[in-house]
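Tertiary structure, described
One-letter residues, chain by chain:
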Amino acid sequence: MTTVAQEEAIDVNFDSILAKLDEHINNEGVDEEVWIAYNNIIRAKTLLPIQCSFFASMHQLALKEAYTRRRQVRREDLSRSRKFTGQIKIWVLDIKDIDIRNSLGEDFNGNLSVTVRVSVEGQVKGTTKSSPNRSTLDGSFETLKINQDVDFYVKRPTSIIHMEVLHINDDMPETSNHRETLLGMVLMNLQPLESQRTVRQWCPFMVNGAVAGNLQLRMNYTFKEDVLSKWDPDSGLARSEENGGPSFTVGFIGVGQIGSCALDAVLKSAHVPCKHVYVSTRRPEMFSSYEKLGCNVCFDNALVASKADVLFIAVQPSNMTQVASGVRGKIRQETLVVSLVAGV
């Protein structure tokens, strides 16, 4: 009886079983298939913690992407309800590498008179005319300094900025169609400027499918305070609810080894309060510690999918089809889905 009691007191787990295997694996009589299985177990034990750490480190990037997507959806809603107003300010700084062969021809030897015309949502503004100097070595045009700015009020967050680099022939009458010659143009979407920081970059302008030069711009995209107050322009993330920001929910379907690592990483983050974290697991009673923290723990995949702004799925690959069918139609369009499932 004593022997039996001692054996029952042994904690049987992965490490204890692996230790027993270690005692017998060096036996010369071990089959080759057993060797392969043993090596696979050792490899899995080594790689799994690394994989868990990697997935846990993904959570911040996933949250930021979800915040950005939610912010864009919010702005589109404001645009449709005509409550959206923003301002884009563009500084036209320099033009370099001007190539006029595809627009004015190789025989052009006159003075170049350049202006940049910018249009957004039907509003059109332009810079004053400037003339670049020619190089004494090869006759190419030197960098042209413009340093002028234009600004626009915009009503749609998905508008396109259209810029034309033009040569103005002052010898032609203003009513003539040949007075202006297009040297190149730049098309730019407002969405990449969502960080609400000043962006400075070189933009190639094209004509007839070829690069005709480079335009240096500095751009700033801002919003009215009643819209901006819900978003932190420095981090690009939503402010907390206490600071006027929107509520933001994170959902987890499956909290095994990988899912629990990612969940713990989210809970340690200061961006999402526990009351906005929803967890669906087959054994909710095993995660009472998360309930004590204020998380919403249940066994309802559809509920978690419908609540989440960013949804982590960390189930076994064999259960993925069943889970996917259960949440079909429940995930909102703006929800960001992050799969921690192997091969999915």
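This paragraph deals with the overall build of the chain. Along its length, the chain carries nine helices and 13 strands. Burial statistics for the chain: of 344 residues in total, 39% are counted as buried. For the chain, the accessible surface area stands at approximately 20100 Å², while carbon and sulfur atoms represent 50% of it.

Aromatic ring pairs are defined here through the distance separating the ring centres and the angle between the ring planes. Applying the stated criterion across every chain, the model contains one aromatic pair. Taken together, a centroid distance of 4.7 Å and an interplanar angle of 10° make the contact between Phe252 and Phe312 stacked. Of this pair, Phe252 sits in strand 9 (residues 250-253) while Phe312 is found in strand 12 (residues 310-313), placing the two residues 60 residues apart along the sequence. We note that Phe252, like Phe312, is buried. For the cation-ring pair, Lys125 lies above Phe152, with the distance from its terminal atom to the ring centre recorded as 5.4 Å.

Turning to its location among the elements, Ser113 is positioned in the loop between strand 1 (86-96) and strand 2 (114-120). The class for Ser113 is buried, based on a relative accessible area of 9%. Each residue touching Ser113, except ones within four places of it in the same chain, is listed here: Lys129, Ser130, Ser131, Leu166, His167, Ile168 and Asp170.

Looking now at the sheet that holds strand 11 (residues 296-298). Read across the open sheet, the five strands follow the order 11-10-9-12-13; overall the sheet is parallel. Looking at the sheet topology across the chains shown, the edges are occupied by strand 11 and strand 13 (336-339). The mean angle between the axes of side-by-side strands here comes to 15°, regardless of whether they run parallel or antiparallel. As paired strands, strand 9 and strand 12 are joined by four bridges and run parallel to one another. In the sheet register, Val250 faces strand 12, and the bridge partner there is Val310. Of the strands in this sheet, strand 9, strand 10 (277-280) and strand 12 are in contact with helix 6 (residues 257-268), which crosses strand 9 at around 165°.

So, about the pairing of strand 3 (residues 123-126). Two strands pair when backbone bridges link them, and strand 2 and strand 3 are joined in this way by four bridges, in the antiparallel orientation. Across the sheet, the residue bridging to Val118 is Lys125, located in strand 3. Hairpin connection from strand 2 to strand 3: two residues lie between these consecutive antiparallel strands, with Glu121 at a positive phi of about 50°.

Let's shift gears to the pattern of salt bridges. Taken as a whole, this structure holds eight salt bridges when the rule is applied. As a salt-bridge pair, Lys125 and Asp151 come within 3.6 Å of each other at their nearest N and O atoms. Placement of the pair is Lys125 in strand 3 and Asp151 in strand 4 (residues 144-154), with a sequence separation of 26 residues. Of the charged contacts, one joins Lys129 and Asp170 as a salt bridge, the two residues approaching to 2.7 Å between their closest N and O atoms. Of this pair, Lys129 sits in the loop between strand 3 and strand 4 while Asp170 is found in the loop between strand 5 (160-168) and strand 6 (180-189), placing the two residues 41 residues apart along the sequence. Take Asp170: its relative accessible area is 44%, and that puts it in the partly exposed class. By sharing partners, the salt bridges in this structure join Arg117, Glu164 and Glu180 into a single network.

Reading guide: rules and limits
Residues numbered from 1 in each chain as written. Predicted model: local features only at pLDDT ≥ 70, side-chain atom pairs only at ≥ 80, totals over all residues. Heavy atoms only, no water. Helix = DSSP H or I, 4+ residues; strand = E, 2+ residues; numbered from the N terminus. Buried < 20%, exposed > 50% of the residue type's maximum accessible area, 1.4 Å probe, protein only. Areas by Shrake-Rupley, 256 points an atom, 1.4 Å probe, with all protein chains shown as cover. Phe/Tyr/Trp six-rings, centres within 6.5 Å; stacked < 30°, edge-to-face > 60°. Lys NZ or Arg CZ within 6 Å of the ring centre and 35° of its normal. Contact = heavy atoms within 4.5 Å. Pairing = 2+ DSSP bridges. Axes fitted to C-alpha atoms, helices over the stretch in contact; angles between N-to-C directions. Salt bridge = Lys/Arg side-chain N within 4 Å of Asp/Glu carboxyl O.

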